[in-house]
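Listed below are the residues making up each chain.
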Amino acid sequence: MQTAIPCSVYRGGTSKALFFLKDDLPWDTVARDTLLLRALGSPDPRQIDGMGGAHPLTSKIAVVSRSARPDADVDYLFLQVFPDKAIVTDQQNCGNILAAVGPYAIERGLMPAQDGVTPVRIFLVNTGSRAVAHVPTPGGKVRYEGDTRIDGVPGTAAGIPIDFLEMAGSSCGALLPTGRPTDVIDGVPVTLIDNGMPVIVVNAADLGKSGHETPAQLEADGELTARVERIRLAAGPLMNLGDVAAKSVPKITLIAPPRLGGAIATRTFIPHRVHEAIGVFGAVSVATAGVLPGTVAAGLFPPVDPGIVDLDIEHPTGFFTVRMEVAATGTEGRVIRSALLRTARKLMVGEVFV
Ligand code: NQM
């Protein structure tokens, strides 16, 4: 006998996830994760017997509930499901899927919509941080259509600006978990940073790459992928993440001089596949590395004046613009806050059978 579970499918930014109300899933996490593996069809690289899209960017889960916190409307738990392994991990945020949490919360009646734009205050359960998503709701209904284009997604949709609060060190305990802007791992200078996503920033040239290769070219380079994983496993404990062999963090971003007029070029291992674009918190963390003195990114980014700056992060399918308020000095406090623009689309509402 199969069991039907109420479920929606949304694209959030450049990713796609199954969305569940927390009360529709088992409270026991082992039972919950067994169910989610079955729903997505993992472990199987093709995820043929489930809803997953055979890539980490389309093998994602959002669990949403009304928040009991006075400073939030809804709680959002993100779960990354490995396509090819029986692993469900809550060790990272996902800022792309976050873009769809506001529309989902309003559509599922977790909070009322205003006429115009509805600010949805979202508590990110994974890291205990908060974000505010500004959802277009003319006439009190979520509007998905619009003229905002984000690179990595065909066409246009309604823009959802998102502001981030309290992201520095949310997974690693500090923005620079080793206390140093640069460390050396496996003979390579790296910056270990967490401004919402634990990321190892490394110069592509130091790994013998231009940083402008396609994701497929990087994934096909066995020597490179082995080295990247070696660096990642060594960085895990240094970043207060412990043994990261079965975790989806830290990510590794290769940086290089820009070619499209942006601030920096990036290629990001997430961590075993290469992102077709770049993650939201990943981009914020890399941009933050770019404005801190002494990091491996400092010399490659353009100089930034204090105030509001827009940094265009180049990635394999275009740009990701991170807006930051930057203080004149400081490390932990140099980036005061960050914001960006995403879009989302409701794709399906129904039941998933497990
Ligand atoms: O960094 C992919 C994505 C992500 C995460 C990943 C993300 C973020 O693009 O906030 O959005 O890095 O695993 O969905």
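- Under an unreviewed UniProt entry, the name given to the protein chain is 4-oxalomesaconate tautomerase, and the source organism is Nitrospirillum iridis.
- One UniProt comment on the protein chain, placed under Sequence similarities (unreviewed entry), says "Belongs to the PrpF family."

Section: the environment of Glu 229
And then number 1: Relative to the helices and strands, Glu 229 is located in helix 5 (residues 222-238).
And then number 2: When its relative accessible area of 19% is taken as the criterion, Glu 229 is described as buried.
And then number 3: Residues Glu 229 and Val 74, 155 residues apart in the sequence, show an inter-C-alpha distance of 35 Å.

Some details on helix 5
And then number 1: Under the 1.5 Å per step criterion, the end-to-end length of helix 5 is 25 Å for 17 residues, consistent within 8% with the ideal 24 Å.
And then number 2: Of the positions making up helix 5, those classed as buried are Leu 224, Val 228, Glu 229, Ile 231, Arg 232, Ala 235 and Gly 236. The buried residues of helix 5 all sit within an arc of 165° when viewed along its axis, so they share a single face.
And then number 3: Looking at the buried positions of helix 5, the neighbouring elements they touch are strand 9 (183-185), strand 10 (188-194), strand 11 (198-203), helix 4 (215-219), strand 12 (251-256) and strand 13 (264-269).
And then number 4: The opening residue of helix 5, the one whose side-chain oxygen lies 3.3 Å from the backbone nitrogen of Glu 223, is Asp 221.
And then number 5: Immediately beyond the C-terminal end of helix 5, within one or two residues, lies Asn 240, with a positive phi of roughly 65°.

Thoughts on the site of the ligand
And then number 1: Around the ligand sit 15 residues in total, of which Ser 15, Gly 95, Asn 96, His 275 and Phe 281 are the nearest.
And then number 2: Between an oxygen atom of the ligand and a main-chain N or O atom of Gly 95, the distance comes to 2.7 Å.
And then number 3: In this structure, an oxygen atom belonging to the ligand sits 2.8 Å away from a side-chain N or O atom of Lys 251.
And then number 4: At the level of secondary structure, the elements contributing two or more residues to the shell around the ligand comprise helix 2 (95-98) and helix 6 (280-291).

What about the environment of Met 324?
And then number 1: Checked against the element boundaries, Met 324 lands in strand 15 (residues 318-326).
And then number 2: Exposure remark for Met 324: the relative accessible area of 0% places this residue in the buried category.
And then number 3: Not counting chain neighbours up to four residues away, the residues in contact with Met 324 comprise Ala 287, Thr 288, Val 291, Gly 307, Ile 308, Val 309, Leu 311, Val 335, Arg 337 and Ser 338.

Here's the deal with the side chain of Ser 285
And then number 1: With respect to the helices, strands and loops of the structure, Ser 285 is situated in helix 6.
And then number 2: There is a polar contact of 3.0 Å between the side chain of Ser 285 and the backbone oxygen of Met 197.
And then number 3: Leave out the neighbours within four places in its chain, and Ser 285 touches Ile 193, Asp 194, Asn 195, Gly 196, Met 197 and Val 199.

Here's the deal with the pairing of strand 4 (residues 74-81)
And then number 1: Judged by how many residues are buried, strand 4 sits mostly within the fold: eight of eight residues are covered.
And then number 2: A two-sided burial pattern is seen for strand 4, the buried positions comprising Val 74, Tyr 76, Phe 78 and Gln 80 on one face and Asp 75, Leu 77, Leu 79 and Val 81 on the other.
And then number 3: Bridging between strand 3 (residues 60-66) and strand 4 involves seven bridges; their strand directions are antiparallel. Residue Lys 60 lies in a different strand from strand 4, and its bridge partner there is Gln 80.
And then number 4: Bridge count for strand 4 against strand 6 (residues 116-124) is three bridges, and the pairing is parallel. Of the residues in strand 6, the one forming a bridge with Tyr 76 is Leu 124.
And then number 5: Bridge count between strand 4 and strand 5 (residues 88-89): two bridges; the pairing is antiparallel. The residue of strand 5 that forms the bridge with Val 81 is Val 88.
And then number 6: Where strand 4 folds back onto strand 5 in an antiparallel hairpin, the turn is made up of six residues.

Concerning helix 1 (residues 29-40)
And then number 1: Over its twelve residues, helix 1 extends 16 Å from the first C-alpha to the last, a length consistent with the 16 Å expected when each residue adds 1.5 Å.
And then number 2: Regarding helix 1, the residues found buried are Arg 32, Asp 33, Leu 35, Leu 36, Leu 37, Ala 39 and Leu 40.
And then number 3: Just downstream of helix 1 lies Gly 41, where phi reads positive at about 90°.

So, the nonpolar core
And then number 1: Judged by nonpolar contacts, the single largest core of 89 residues is most densely connected at Phe 19, Tyr 76, Phe 164 and Leu 311.
And then number 2: Here this core takes eight residues from helix 6, the largest share from any one element.
And then number 3: Residues in contact with Phe 164, not counting those within four places in the same chain, are Leu 98, Arg 130, Ala 131, Val 280, Phe 281, Val 284, Arg 337, Ser 338 and Leu 340.
And then number 4: Leu 25, Leu 37, Leu 79 and Val 88 belong to the second-largest nonpolar core, a separate cluster that totals 19 residues.

Examining the pairing of strand 10
And then number 1: In terms of burial, strand 10 is largely enclosed, as six of its seven residues are buried.
And then number 2: Pairing between strand 9 and strand 10: three bridges, direction antiparallel. Note that in strand 10 the partner of Val 184 across the bridge is Pro 189.
And then number 3: Hairpin connection between strand 9 and strand 10: a loop of two residues separates the two successive antiparallel strands, and Asp 186 in this loop has a positive phi of roughly 55°.
And then number 4: Examined bridge by bridge, strand 10 and strand 11 share five bridges and lie antiparallel to one another. The residue bridging Leu 192 from the neighbouring strand is Ile 200, located in strand 11.

Thresholds applied
Residue numbers restart at each chain and count upward from 1, following the sequence in its written direction. Per-residue local features are limited, in this predicted model, to residues with pLDDT of at least 70; the limit for side-chain atom pairs, both in listing and counting, is 80 or more; totals at the level of whole chains, interfaces and linings are taken over all residues. Based on all heavy atoms of the structure, the side-chain values leave hydrogens and waters out of the count. UniProt positions are given in the numbering used here, feature names are shortened, and annotations may be inferred rather than shown by experiment. Secondary structure elements are defined from DSSP: runs of H or I of at least 4 residues count as helices, runs of E of at least 2 residues count as strands, and each element is numbered from the N terminus. Summary of the burial criterion: residues with accessible area below 20% of their type's maximum are buried, those above 50% are exposed, and those between are partly exposed, where the area comes from a 1.4 Å probe applied to protein chains only. Expected span of a helix: the number of residues minus one, times 1.5 Å. The arc in question is formed by the directions pointing from the helix axis toward the C-beta atoms. By definition in these notes, contact holds between two residues if any of their heavy atoms fall within 4.5 Å. A 3.5 Å cut-off defines polar contacts: any pair of N or O atoms within that distance qualifies, except that in protein one atom must be a possible hydrogen donor and the other a possible acceptor, and neighbouring residues in sequence count only when both atoms are side-chain atoms. We call a residue near a molecule or strand whenever a single non-hydrogen atom of that residue lies within 4 Å of it. Think of it this way: DSSP has to see at least two bridges between two strands before they count as a pair. For this analysis, a nonpolar core means a set of buried residues of the types Ala, Val, Leu, Ile, Met, Phe, Trp, Tyr and Cys, connected via side-chain atoms within 4.5 Å.

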